[in-house]
Amino acid sequence: MTILDKILNTKLAEVEERKRMFPVRQVERMPFFSRVPLSMSKSLINGRSGIIAEFKRKSPSKGFINEYADVSEIVAAYAEAGASACSVLTDFSYFGGTLADLTRARETVSLPLLRKDFIVDAYQLFEAKGAGADAVLLIAAALPFKKVQEFTVIAHDLGLEVLLEIHGEEELEYLSCGADIVGVNNRNLATFITDTSVSFGLAEKIPVNRVKISESGLYSAEIMTDLKKVGYHGFLIGDCFMREKLPGEALKKLVGRC
């Protein structure tokens, strides 16, 4: 069983429990459910940096990165440092996040927010809207094609944008599902090995009219510059910021070098 398989099994059980405790009718009464979401895709194209700065406390492969990090403090620093959007991990078991982190981030900044989680049920899309997200992540490696289609339609009905994450050529078929942003993850979710050549290899295979970003393993301005040259509009970056004492300052320095 791969790490991804374990995560998905855990997530399915967690979501079933939450659905029993908080039915959709209660989710629809969450603080931000009636809010009109922002466009993350437009912010990536028009923003200062094209960077989706991520808040997370740990990862399955590295354990705790920043165990006691305060989400409000960090997303505020990201916004000041020039982030085009923020990503908030809401998975607790493997990443140390909660849905409350997303709500606190929404209360703190006016940037577009991505709910970063393993979406396995449409219920989570309603949760994302209620907690203040503007976009949700759908992972090709975690979902069959028809589920991505179905979830994309529901997300759009809720006013949310979809970031579709792919890793290999065999997942390019998912591009027809109508996602607003295509994210190429340099990290293999089965092994958690990271290789930025994945983004370079897929760049020319993604239509030029699609908003596309590169994710994971992005630590230098040079790599980001080279990725922009081959058509990427933005980057999702977390580890290299979160492991620093002042994540916002780390982002500011990277933006300056770019």
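Remember, predicted model here, so these are calculated numbers, not experimental data. (Residues numbered from 1 in each chain as written. Predicted model: local features only at pLDDT ≥ 70, side-chain atom pairs only at ≥ 80, totals over all residues. Heavy atoms only, no water.)

**Points about the sheet that holds strand E6 (residues 135–139)**
Remark on secondary structure: sheet strands pair via backbone hydrogen bonds, oriented parallel or antiparallel.
Then, in step 1: Read around the closed barrel, the eight strands follow the order E1-E4-E5-E6-E7-E8-E9-E10; overall the barrel is parallel. Averaged over neighbouring strand pairs, the angle between their axes works out to 25° when direction is ignored.
Then, in step 2: As paired strands, E6 and strand E7 (residues 161–166) are joined by five bridges and run parallel to one another. From the neighbouring strand, Ala 135 faces E7, where its bridge partner is Glu 161.
Then, in step 3: Its contacts with the sheet place helix H5 (residues 99–108) against strand E1 (51–55), strand E4 (85–89) and strand E5 (113–116), and it is angled at close to 175° to E5.
Then, in step 4: Strand contacts of helix H9 (residues 221–229): E1, strand E9 (211–215) and strand E10 (234–237), with the helix running at about 145° to E10, the strand carrying the most contacts. (Pairing = 2+ DSSP bridges. Helix = DSSP H or I, 4+ residues; strand = E, 2+ residues; numbered from the N terminus. Axes fitted to C-alpha atoms, helices over the stretch in contact; angles between N-to-C directions. Contact = heavy atoms within 4.5 Å.)

**As for the nonpolar core**
Then, in step 1: Ile 51, Tyr 78, Ile 166, Ile 237 and Phe 241 are the most contacted members of the largest nonpolar core, which has 89 residues in total.
Then, in step 2: In contact with Ile 51, not counting residues within four places along its chain, are Ala 83, Ser 84, Ala 85, Met 224, Phe 235, Ile 237, Phe 241, Leu 251, Leu 254 and Val 255. (Core = buried A, V, L, I, M, F, W, Y, C linked by side-chain atoms within 4.5 Å. Buried < 20%, exposed > 50% of the residue type's maximum accessible area, 1.4 Å probe, protein only.)

**Observations regarding the pattern of salt bridges**
Then, in step 1: Tallying each qualifying case throughout the model produces 18 salt bridges.
Then, in step 2: For the salt bridge of Glu 14 with Lys 11, the shortest nitrogen-to-oxygen distance reads 3.2 Å. One end of the pair, Glu 14, and the other, Lys 11, are both in helix H1 (residues 3–21), three residues apart, so they sit about a helical turn from each other.
Then, in step 3: By relative accessible area, which is 1% here, Lys 11 ends up buried.
Then, in step 4: With a closest N to O distance of 2.9 Å, Lys 11 and Asp 117 form a salt bridge. Of the two residues, Lys 11 is situated in helix H1 and Asp 117 in the loop between E5 and helix H6 (123–131); the sequence distance between them amounts to 106 residues. (Salt bridge = Lys/Arg side-chain N within 4 Å of Asp/Glu carboxyl O.)

**Here we look at unusual backbone geometry**
With the exception of glycine, the majority of residues adopt a negative phi angle, and the majority of peptide bonds are in the trans configuration.
Then, in step 1: In this structure, Ser 216 is a non-glycine residue whose phi angle is positive, near 75°.
Then, in step 2: Mapped onto the elements of the fold, Ser 216 is located in the loop between E9 and H9.

**Some remarks on empty space enclosed by the protein**
Then, in step 1: Tallying each qualifying case throughout the model produces one cavity of 30 Å³ or more.
Then, in step 2: Its volume calculated, the largest cavity comes out at about 300 Å³.
Then, in step 3: As for the largest cavity, its lining consists of 25 residues, of which Glu 54, Lys 56, Lys 116, Arg 187 and Ser 216 are closest to the centre.
Then, in step 4: Elements with a contribution of two residues or more to the lining of the largest cavity: E6, E10 and helix H10 (239–242).
Then, in step 5: When its residues are assigned to classes, the lining of the largest cavity shows twelve nonpolar, five polar and eight charged. (1 Å grid on protein atoms, 1.4 Å probe; cavity = no way out; pocket = protein on both sides within 12 Å on 5 of 7 lines; lining within 4 Å. Points joined across faces, edges and corners; volume = space filled by probe spheres on them. Nonpolar A, V, L, I, M, F, W, Y, C, P; charged D, E, K, R; others polar.)

**Thoughts on the packing of H5 against H6**
Then, in step 1: The geometry of H5 relative to H6 is characterised by a closest axis approach of 8 Å and an angle of 35° between their N-to-C directions. The segment H5 lies against H6, with Leu 99, Leu 102, Thr 103 and Arg 106 engaging Glu 127, Ala 128 and Ala 131.
Then, in step 2: Taken together, the residues of the contact of H5 with H6 sort by class into four nonpolar, one polar and two charged.

**Structural notes on the packing of H1 against H6**
Then, in step 1: Contact geometry for H1 and H6: axes closest at 10 Å, N-to-C directions at 65°. By the angle class used here, H1 and H6 are roughly perpendicular. Crossing hand, H1 versus H6: left-handed. Residues Lys 11, Val 15, Arg 18 and Lys 19 of H1 touch H6, and the partners they reach there are Tyr 123, Gln 124 and Glu 127.
Then, in step 2: Here the contact of H1 with H6 is composed, by residue class, of two nonpolar, one polar and four charged. (Parallel < 35°, antiparallel > 145°, perpendicular 65-115°, else oblique. Left-handed = near helix turned anticlockwise from the far one by under 90°.)

**Brief notes about helix H7 (residues 145–157)**
Then, in step 1: For H7, built from 13 residues, the straight-helix expectation of 18 Å at 1.5 Å per residue is met to within 8% by its first-to-last C-alpha distance of 19 Å.
Then, in step 2: Three or more residues of H7 are buried, namely Val 148, Phe 151, Thr 152, Ile 154 and Ala 155. Seen along its axis, H7 keeps its buried residues to an arc of 170°; they face one direction. Summarising the geometry of H7, the exposed residues directed more than 90 degrees from the buried face are Lys 146 and Asp 157. (Expected span 1.5 Å × (residues − 1). Arc of directions from axis to C-beta.)

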